[in-house]
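So the chains spell out like this:
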Amino acid sequence: MGLLQRAIEAEGIPTIGITLLKEVTQKVKPPRALYLRYPFGHPMREAFQVDQQRTILLDALKAVETITEPGTIREPGYRWRRHRFRLRP
Amino acid sequence: MANLSELKNTILVQLFKHASWLSARWARHHRFIEAEDIPWAPMKKPIRETVIAVVTTAGVHLKTQPPFDMDDPDGDPSFRVIPSDVQTDRVTITHKYYDHTAADRDINVVLPLDRLRELAVEGRIGGIAPSVYSFMGHIDGPHLKTLMEEMAPEVARRLRADGAEAVFLTPA
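A short tour of the structure in this document, coming up. This structure is a prediction, so every number in the text was calculated from the model and none was measured.

## Concerning the overall build of chain B
Of the regular secondary structure elements, chain B holds 5 helices and 7 strands. When its helices and strands are written in sequence order, chain B yields α-α-β-β-β-β-α-α-β-β-α-β. For 172 residues, the compact-globule estimate of 2.2 N^0.38 gives 16 Å, and chain B sits close to it at 17 Å. By principal-axis analysis of the C-alpha atoms, chain B measures approximately 55 × 40 × 30 Å. Across chain B, contacts joining residues at least 24 apart in sequence account for 77% of those joining residues at least 6 apart. Here chain B has roughly 8,500 Å² of accessible surface; of this, 54% comes from carbon and sulfur atoms. Across chain B, 20 positive and 24 negative side-chain charges occur, with their mean positions spaced 3 Å apart.

## A look at the interface of chain A and chain B
On the chain B side, the residues contacting the 56 residues of chain A number 65 residues. Across the interface of chain A and chain B, roughly 5,700 Å² is buried in total on both sides, 68% from carbon and sulfur atoms. The tally of links from chain A across to chain B stands at 3 salt bridges. B:Glu122 is paired through a salt bridge with A:Arg54; the nearest N and O atoms lie 2.7 Å apart. Taken together, chain A and chain B are joined by 15 residue pairs in polar contact (both at pLDDT 80 or more). Elements supplying a minimum of two residues to the side of chain A that touches chain B: helix 1 (2-10), strand 1 (15-19), helix 2 (22-28) and helix 3 (50-66) of chain A. With 9 residues, helix 3 of chain A is the single largest residue contributor to the side of chain A that touches chain B. Residues that form the side of chain A that touches chain B fall into these classes: 32 nonpolar, 9 polar and 15 charged. Examined bridge by bridge, strand 1 of chain A and strand 7 (residues 166-170) of chain B share 3 bridges and lie parallel to one another. When the bridges of strand 7 of chain B are listed, A:Ile16 appears paired with B:Phe168.

## Brief notes about the environment of B:Asn9
All names here are of chain B. Following the sequence through the fold, Asn9 ends up in helix 1 (residues 2-18). Considering only alpha carbons, one finds Asn9 and Tyr98, 89 residues apart in sequence, at a separation of 9.3 Å. Setting aside anything within four residues of it in sequence, one finds Asn9 in contact with Lys96 and Tyr97.

## Section: the environment of B:Glu6
With respect to the helices and strands, B:Glu6 occurs in helix 1. Between the C-alpha atom of B:Glu6 and that of B:Leu113, which follows or precedes it by 107 residues, the distance is 31 Å.

## Structural notes on the side chain of A:Arg6
On the secondary structure map, A:Arg6 appears in helix 1. Judged by relative accessible area, A:Arg6 falls into the buried class, the value being 13%.

## Topic: the packing of aromatic side chains
In the structure shown here, the tally under the stated rule is 2 aromatic pairs over all chains. Between the aromatic rings of B:Phe79 and B:Tyr133, the centroid separation amounts to 6.0 Å while the plane-to-plane angle is 70°, which identifies the pairing as edge-to-face. Here B:Phe79, found in the loop between strand 2 (60-62) and strand 3 (80-83), pairs with B:Tyr133, found in strand 6 (residues 131-134); they are 54 residues apart in sequence, far enough to count as distant. Pairing B:Phe79 with B:Phe135 gives two aromatic rings, centres 5.4 Å apart and planes at 40°, and the pair type is tilted. Of this pair, B:Phe79 sits in the loop between strand 2 and strand 3 while B:Phe135 is found in the loop between strand 6 and helix 5 (143-162), placing the two residues 56 residues apart along the sequence. Comparing B:Phe79 with B:Phe135, the two get one shared label, buried. The aromatic ring of B:Trp40 is capped on one face by A:Arg32, whose charged end is 3.9 Å from the ring centroid. Geometry around B:Phe68 places B:Arg80 over its ring, the cationic atom sitting 4.3 Å from the centre.

Conventions used here
- Residue positions are given per chain, counted from 1 along the sequence in the order it is written.
- Going through the entries in the order they are written, you letter the chains from A and number the ligands from 1.
- pLDDT decides what is reported in this predicted model: residues at 70 or higher carry local features, side-chain atom pairs at 80 or more are listed and counted, and totals for whole chains, interfaces and linings draw on all residues regardless.
- To obtain the side-chain values, all non-hydrogen atoms of the structure were included, while hydrogens and water were left out.
- Put simply, DSSP marks the helices as runs of H or I at least four residues long and the strands as runs of E at least two long, and each gets a number from the N terminus on.
- Here the globule rule reads 2.2 Å times residues to the power 0.38, and the radius of gyration is calculated from C-alpha atoms.
- Contact between two residues is taken to exist if any of their heavy atoms lie within 4.5 Å; hydrogens are not considered.
- The method behind every accessible area is Shrake-Rupley, applied with a 1.4 Å probe, and residues are considered shielded solely by the protein chains displayed.
- In this tally, Asp and Glu contribute negative charge and Lys and Arg positive charge; neither His nor the terminal groups of the chain are included.
- Note on charges: their place is set at NZ of Lys, CZ of Arg, CG of Asp or CD of Glu.
- Here the buried area means the combined drop in accessible surface, using a 1.4 Å probe, for two parts upon being joined, counting both sides.
- One speaks of a salt bridge when a side-chain nitrogen belonging to Lys or Arg is within 4 Å of a carboxyl oxygen belonging to Asp or Glu.
- Here a polar contact is taken to be a pair of N or O atoms separated by no more than 3.5 Å, where protein atoms must pair a possible hydrogen donor with a possible acceptor and residues adjacent in sequence count only if both atoms sit in side chains.
- Under the scheme applied, nonpolar residues are Ala, Val, Leu, Ile, Met, Phe, Trp, Tyr, Cys and Pro; charged residues are Asp, Glu, Lys and Arg; polar residues are all the others, including Gly.
- Strands are treated as partners if at least two bridges between them are detected by DSSP.
- Accessible area is worked out with a 1.4 Å probe on protein chains only. A residue is then buried under 20% of its type maximum, exposed over 50%, and partly exposed in between.
- Classification of ring pairs uses Phe, Tyr and Trp, with its six-membered ring standing for Trp, and accepts pairs whose centres are within 6.5 Å; under 30 degrees between planes counts as stacked, over 60 as edge-to-face, and the remaining range as tilted.
- Any Lys NZ or Arg CZ found within 6 Å of a ring centre and within 35 degrees of that ring's normal is scored as a charge over the ring.

It is worth stressing that arrangement in space is one thing and function is another; only the former is reported here.
And the structure:
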C-alpha cells in the first residue's frame, strides 16, 4: 500500500495511510502514516464501532493537515482490547 | 489437496492476524522495494476545505464487478473503481489473505465511507472525491512491476482528474 501512496503523492496529491505493520512502513517510507496496533483486517477497528472509526478517520485527517516532516509515522497509541482467537471454518 | 492448502492458508491468516510478533518478523525478513527519498506534496488548505479521496488495498469491489484473482499466488495488481456514494450493501470483499469477517459485517472497518459522509455533512471536510480506487494487497513477483509502472500511476492520474486534494489510504 505504501508504494501506491508514494505514487499518488508523487503526482502532487498529499496522502495519509493507515498502517498496521510499522516495520513495513519504515522500509517502504510513505510520506505520512498513522500506525495502529490492530490485527490485520481492522484498520478502522471493529464493526459498528462508529466512535472509534470516526476517531481514527479524524486522526488521519488531522495527520495529513499537520505533519510537516516527510516519512512521519504518527502513533495515537490506541490499544486493541478484545482478542478473538477463533478459526473460521 | 486443494482443501488442505485452503486450510493452511486459513490458519496462516489467523496466525498473522493475532500474533503481531510474527508479522513483525516477516516484515524484517521479507524483501520490500525500499526507498531513501520520500515524495512530498504539501497540503494547500485546511482539511475542512479539502476534497478527500479514498484508496484501499482491502480487496473491496462492487458485487457486480469481477472479483480479484485469488488463484495467482502473486496476487492481482488490477484495481476496481467504486462510486464513493455507493450504498454499502452493494460492495463485497474478495481477499483470502486476511480475515475480513468484521469488514463483511460493516465495510467501514476497512473502507469508512459512512464516516466520511458524516464528516462531509458536518462540514469538517470539503467534500468526497467521486471514485474510490480499490486494490488487493499481497502483490508480489512480476505483478509488483505492473502495479508500480502501470496501475499506481494510472490511479494517481485519475485521482488528480477527479479533483482529489488529499488521499486517505486503508490497508487490509
